[in-house]
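Structure assessment
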Amino acid sequence: MKNVKVLGTGCRNCETTAKLIEEVAAAKGAAIQLEKVTDMAAILGYGVMSTPGVVIDGQVVHAGGVPDRKKIEGWL
């Protein structure tokens, strides 16, 4: 199971990113544990300056803007 964190303050792009990750994981049958991180100190702790950010298994894979579906499929 992959641990996926969506970093962001709860803006529309952050919500869209989380939903898209859930949809792609379901379509691929990938088991994920999705967590939304809204605490700014925690977000900055990952070195992410623009949200939404995506962290998979402790590694930052994306920051700023909504990732496209193909990119998410590559992560999962």
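Residues numbered from 1 in each chain as written. Predicted model: local features only at pLDDT ≥ 70, side-chain atom pairs only at ≥ 80, totals over all residues. Heavy atoms only, no water.

Okay, the overall build of the chain next. In terms of helices and strands, the chain carries 3 helices and 4 strands. Across the chain, helices and strands are ordered from the amino to the carboxyl terminus as β-α-β-α-β-β-α. Over its C-alpha trace the chain gives a radius of gyration of 11 Å, about what one expects of a compact globule, namely 11 Å for 76 residues. Projected onto its principal axes, the C-alpha coordinates of the chain cover approximately 35 × 20 × 15 Å. Taking all 76 residues of the chain together, the buried fraction comes to 33%. The contacts in the chain between residues at least 6 apart in sequence include a share of 66% that link residues at least 24 apart. As displayed, the chain has an accessible area near 4300 Å², and 49% of this comes from carbon and sulfur atoms. One finds the centroid of the 9 positive side-chain charges in the chain at a distance of 5 Å from the centroid of its 8 negative side-chain charges. (Helix = DSSP H or I, 4+ residues; strand = E, 2+ residues; numbered from the N terminus. Rg over C-alpha atoms; globule rule 2.2 N^0.38 Å. Buried < 20%, exposed > 50% of the residue type's maximum accessible area, 1.4 Å probe, protein only. Contact = heavy atoms within 4.5 Å. Areas by Shrake-Rupley, 256 points an atom, 1.4 Å probe, with all protein chains shown as cover. Lys, Arg positive; Asp, Glu negative; His and termini not counted. Charge placed at Lys NZ, Arg CZ, Asp CG, Glu CD.)

Strands sit in the order 2-1-3-4 across an open sheet of 4 strands; the sheet is mixed. For this open sheet the edge positions go to strand 2 (32-37) and strand 4 (59-63), each flanked by a neighbour on one side alone. If you compare each strand with its neighbour and ignore which way they point, the axes differ by 20° on average. Relative to strand 3 (residues 53-56), strand 1 (residues 2-7) is paired through 4 bridges, and the arrangement is antiparallel. (Pairing = 2+ DSSP bridges. Axes fitted to C-alpha atoms, helices over the stretch in contact; angles between N-to-C directions.)

Compared with the 24 Å implied by 1.5 Å per residue over 17 residues, the 24 Å span of helix 1 (residues 12-28) between its first and last C-alpha is a close match. Among the residues of helix 1, Cys14, Thr17, Ala18, Leu20, Ile21, Val24 and Ala25 are the ones counted as buried. Projected down its long axis, helix 1 shows its buried positions confined to an angular sector of 165°, all on one face. When the buried face of helix 1 is taken as reference, the exposed residues oriented beyond 90 degrees from it are Arg12, Lys19, Ala26 and Ala27. Packing partners of the buried residues in helix 1 comprise strand 1, strand 2, strand 3 and helix 3 (69-75). (Expected span 1.5 Å × (residues − 1). Arc of directions from axis to C-beta.)

Once that is clear, we can look at the confidence of the model for the chain. Of all residues in the chain, 100% have pLDDT values of 70 or greater, and the mean over the chain is 96. Considering each helix and strand of the chain separately, the mean pLDDT is smallest for helix 2 (residues 40-45), with a value of 95, and largest for strand 3, with 98. (pLDDT = per-residue confidence, 0-100.)

Turning our attention to the environment of Ile56. Along the chain, the position of Ile56 falls in strand 3. The class of Ile56 is buried, set by a relative accessible area of 9%.

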